[in-house]
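What follows is each chain in one-letter form.
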Amino acid sequence: MAVFPGSRARVRKVAWCFAALGVASGTTLACINFDGLDSTDGDGGILGPDSGGGGGQDTSTTPGCEAGIQTDPFNCGACGKICPLRVNSIPACTSGVCGLACNSNFGNCDNADDNGCETQLFADPKNCGACGRDCAGGGCTNGLCQPVTLASNQSYPQALAVDLSTVYWATLYNFQVDKIAKDGGTSSILASNEIYPSGVAIDTTNLYWVDRGYGSADGLVRKMPLAGGPPVSIVSGLSSRPTAITVAGTEIYYATLGTQGTDGSVVRVSISNDPDAGAGTVVGAAQNNPTSLAADTTGVYWTNYGSYVAPDAGPQNGAVMRCAVPGCQGGPEEVAGAQMHPRGIAVDANNVYWTNYGSGQSGVSDGSVMKAPKGAASAGDGGANGATMLASGLLYPDGITVDATYVYFTTRAGLVQRVPLAGGKAPETIATIVQSYPIALTADDKFLYFATPSGPAGGSIQKLLK
């Protein structure tokens, strides 16, 4: 049998390709391009000169062994089988089966390859940023769900509370306490003619709130059954301007601003306290503008906003405080001191989180989001208690809440943002409020809920997919 010029090179090349690709062992298949293997030079061609008669390796740029048919979109499953080009995607080959890889901001949300990546993830409210991410009635802009307005025409709504089906809030200048279904609809007035209703709290039985009053012995601590019924006063006749409330087991804790700022207090009263039976027990006296409260099964926590100290005039006097429950035996303890006007507060199993409003200087963004272990600060750590700054350079951060992954917070720049619980990343903006700015903030397992104090349609209650 005649041996044509280049045949030895062809044989060596084929053998080398198959050996390199493991075809003999059956582990990989490949498509082999023979172009250029035949040459008038007996040992030339694609392998290059081989004056010694040995089998040199390929040093040319001409194709030799092609990619494996398991992953090559031009030879997918078989030599010459080219995966088709679909809309908004590039062809892909996985385990010898043609598929597609979607272009950025597009998704194959119907799982049908024939029409490619048909979904605009940057604008589809049913698939916003990812297939199946439904904005629940909100729009989708640049892959971010937009808030849904549940209630408008609210005049400076304050703190929010949610249960499985309902959002509750107090509206300072509507003098009302209201509710609305989480899915929307028509809001209901639960209590009217209140005197500057402020913080709200909830347990499985009742809704609680405080009326600040006019400061002339008309402040109130109030409750009403979730199942229906009129509101009743747990405490009345307060001249100390109650401003926030939380519930821990069978105890209510409420904060008062006092009349001088530094004479604020945190007071404990039983849920079963008869109307007008007494103001409760002061567990924290001489508090410096207590602002927000949070509680869990082990303690009640609050922020002392503090009084004005120029940024360059020494340590700030804001603080984060705690009391053990029940009863606050042993009195209040400082979790973190020397804070710059702490406002919102939240807790999880291990830590306390709060927003530092900042110095309040015009045009200066020096607010921050902080966390610290839930225990009290020791005498030797200067009040820091291992406090960690999670975000800084913020414009008046206010409301805060946490889940198992993130700390969420609001700012006067009109932003709803989040950072990981462990920190280490720049804040991620998940919503921008154009006409106003978000304040109070709470959450369930799927949505954030927040209030805006004002806007073209008045203040509002809104929800946002996390």
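All values derive from a computational prediction rather than experimental measurement.

Overview of the overall build of the protein
Logical step 1: When you go through the protein residue by residue, the secondary structure sums to 1 helix and 36 strands.
Logical step 2: A total of 466 residues make up the protein; the buried ones form 48% of that total.
Logical step 3: Across the protein, contacts joining residues at least 24 apart in sequence account for 40% of those joining residues at least 6 apart.
Logical step 4: Per element, the accessible surface of the protein, about 20,700 Å² overall, is 53% carbon and sulfur.

Considering the packing of aromatic side chains
Logical step 1: This model, assessed by the stated rule, comprises 9 aromatic pairs.
Logical step 2: The residue whose ring lies beneath arginine 343 is tyrosine 357, and the NZ or CZ to ring-centre distance is 4.5 Å.
Logical step 3: The residue whose ring lies beneath arginine 418 is tyrosine 406, and the NZ or CZ to ring-centre distance is 4.0 Å.

Looking at the state of the cysteines
Logical step 1: The final tally for this structure, using the stated rule, is 7 disulfides.
Logical step 2: Note on cysteine connectivity: cysteine 135 is disulfide-linked to cysteine 145, with sulfurs 2.0 Å apart. Of note, the bridge from cysteine 135 to cysteine 145 carries an S-S torsion of about -85° and is left-handed in sense. A residue pair is termed long-range when its members are at least 10 positions apart, and cysteine 135 in the loop between strand E6 (119–120) and strand E7 (140–141) and cysteine 145 in strand E8 (residues 144–145) qualify at 10 residues. For the pair cysteine 135 and cysteine 145, a shared accessibility class is recorded, and that class is buried.
Logical step 3: Residue cysteine 323 pairs covalently with cysteine 328 via a disulfide, S to S 1.6 Å.

So, unusual backbone geometry
Logical step 1: With an omega of 0°, the peptide bond between valine 325 and proline 326 qualifies as cis.
Logical step 2: Looking at the element boundaries, proline 326 is found in the loop between strand E24 (318–324) and strand E25 (333–339).
Logical step 3: For asparagine 153, which is not glycine, the phi dihedral falls at a positive 60°.
Logical step 4: Topologically, asparagine 153 is positioned in strand E9 (residues 148–154).

Let's talk about the nonpolar core
Logical step 1: Residues Leu160, Val167, Trp169, Ile180, Tyr449, Ala451 and Ile461 are the most contacted members of the largest nonpolar core, which totals 19 residues.
Logical step 2: Those elements giving two or more residues to this core turn out to be E9, strand E10 (157–162), strand E11 (166–171), strand E35 (447–452) and strand E36 (459–465).
Logical step 3: Among the elements that make up this core, the one with the highest residue count is E35 (3 residues).
Logical step 4: For isoleucine 180, the contacting residues outside a window of four places in its chain are Leu150, Ala151, Ser165, Thr166, Val167, Trp169, Gly185, Thr186 and Ser187.

Details of the pattern of salt bridges
Logical step 1: Under the criterion given, the structure shown has 10 salt bridges.
Logical step 2: Aspartate 444 is paired through a salt bridge with lysine 182; the nearest N and O atoms lie 2.8 Å apart. Taken together, the residues aspartate 444 in the loop between strand E34 (441–443) and E35 and lysine 182 in the loop between strand E12 (176–181) and strand E13 (188–191) connect sequence positions 262 residues apart.
Logical step 3: The exposure class assigned to aspartate 444 is buried, which follows from its relative accessible area of 17%.
Logical step 4: For arginine 343, the salt bridge goes to aspartate 398, with nearest N and O atoms at 3.4 Å. Within this pair, whereas arginine 343 is found in strand E26 (residues 342–347), its partner aspartate 398 is found in strand E30 (residues 397–402), the two being separated by 55 residues in sequence.

What about the sheet that holds E13?
Logical step 1: The strand order E10-E11-E12-E13 describes an open sheet built from 4 strands, whose pairing is antiparallel. A single partner strand is all that each edge strand has here, and the edge strands are E10 and E13. Looking at each pair of strands side by side, their axes are set apart by 30° on average, direction ignored.
Logical step 2: Pairing of E12 with E13 involves 3 bridges; the strand directions are antiparallel. Along E13, the bridge assignment pairs lysine 179 with serine 188.

What counts, and at which threshold
Residues numbered from 1 in each chain as written. Predicted model: local features only at pLDDT ≥ 70, side-chain atom pairs only at ≥ 80, totals over all residues. Heavy atoms only, no water. Helix = DSSP H or I, 4+ residues; strand = E, 2+ residues; numbered from the N terminus. Buried < 20%, exposed > 50% of the residue type's maximum accessible area, 1.4 Å probe, protein only. Contact = heavy atoms within 4.5 Å. Areas by Shrake-Rupley, 256 points an atom, 1.4 Å probe, with all protein chains shown as cover. Phe/Tyr/Trp six-rings, centres within 6.5 Å; stacked < 30°, edge-to-face > 60°. Lys NZ or Arg CZ within 6 Å of the ring centre and 35° of its normal. Disulfide = S-S within 2.5 Å. Core = buried A, V, L, I, M, F, W, Y, C linked by side-chain atoms within 4.5 Å. Salt bridge = Lys/Arg side-chain N within 4 Å of Asp/Glu carboxyl O. Pairing = 2+ DSSP bridges. Axes fitted to C-alpha atoms, helices over the stretch in contact; angles between N-to-C directions.

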